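Below, each chain spelled out in residue letters.
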Amino acid sequence: MSRIRKGSRVWSGAERLAAASRVLVAQDGDYFTVAPRELFARPAPVEVELGAGRGDFIIARAAAVPERNFLAVELAGTIAQLMAIRAGRAGLDNLRVVRMDARPLVNLMLPEASVAAYHIYFPDPWPKERHFKHRLFTPAFAIGLSRTLAPGAPLFVATDVAAYAAAIFATLGAAGFVRAASAAPGAALTGFAMKFRAQGRAVHAGTFHAAGAAR
Ligand SMILES: C[S@@+](CC[C@H](N)C(=O)[O-])C[C@H]1O[C@@H](n2cnc3c(N)ncnc32)[C@H](O)[C@@H]1O
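The rules behind the values
Residues numbered from 1 in each chain as written. Predicted model: local features only at pLDDT ≥ 70, side-chain atom pairs only at ≥ 80, totals over all residues. Heavy atoms only, no water. Helix = DSSP H or I, 4+ residues; strand = E, 2+ residues; numbered from the N terminus. Buried < 20%, exposed > 50% of the residue type's maximum accessible area, 1.4 Å probe, protein only. Polar contact = N/O pair within 3.5 Å; in protein donor to acceptor, adjacent residues only side chain to side chain. Near = heavy atom within 4 Å. Areas by Shrake-Rupley, 256 points an atom, 1.4 Å probe, with all protein chains shown as cover. 1 Å grid on protein atoms, 1.4 Å probe; cavity = no way out; pocket = protein on both sides within 12 Å on 5 of 7 lines; lining within 4 Å. Sits in = over half its atoms within 2 Å of the grid points. Nonpolar A, V, L, I, M, F, W, Y, C, P; charged D, E, K, R; others polar.

**A word on the side chain of Thr159**
With respect to the helices, strands and loops of the structure, Thr159 is situated in strand β5 (residues 154–159). With relative accessibility at 1%, the residue Thr159 sits in the buried group. Separated by 3.1 Å, the side chain of Thr159 and the backbone nitrogen of Val161 make a polar contact.

Written out as structure tokens, the structure reads:
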């Protein structure tokens, strides 16, 4: 009940709703496909953050890299609304926010080779073994990531949970991804990253490319 009250507090006020409407992808149609390039007025390579939370990283990156477009994906309704308000206030034409589950988006809805980079930072670890089925990273999801990345495009991932990092890296390896030496740009910059760094927690991050792709 208190979550519902908090949600209705977030999603109110003319300025907040106007800010969010500048970036929020309308969901009144029947979406079976999402063509990232069609979401933006200007064609440019599109980077996608999955589970973007409050948007700390993607808002800063969209401001820092104006020559690219950015799509922020978040499942939780109130968090997506909060991010949309923050992103809309930032006045960025190259950032869009969509509230949806990343799994059908990656597995089914995005076209092949349509994504210039994936950022996946601190995905929920679901630490109990009986809950592993809820994790984002599965063999099917890794194949979906590979299918939708443009040739040579990177996948950036970070988690604070060592065992989940090992599972993610193994799943990506089995799907044909190869780890690169470069750092993941958001591993120290997302809301959770900053919280974990302040707590002195280790972060396990990697950059991956689909095997055979040009680096
Ligand atoms: C631990 S938080 C990390 C948020 C942000 N990436 C950061 O590092 O600050 C995980 C986020 O992923 C979102 N999430 C979980 N499952 C998701 C899914 N299937 N699709 C999209 N977002 C998801 C959660 O709602 C939450 O906001």
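**Considering the site of the ligand**
Lining the immediate environment of the ligand, one finds 19 residues, of which Gly51, Glu74, Ala102, Tyr121 and Thr190 sit closest. A distance of 2.9 Å is found between a nitrogen atom of the ligand and a side-chain nitrogen or oxygen belonging to Asp101. Relative to its unbound accessible surface of 600 Å², the ligand loses 88% to contact with the protein. For the ligand, the cavity whose grid points lie within 2 Å of the majority of its atoms is the largest pocket. Sorting the residues of the shell around the ligand by element identifies α5 (102–109) and α8 (191–198) as the ones contributing at least two each. Residues that form the shell around the ligand fall into these classes: 10 nonpolar, four polar and five charged.

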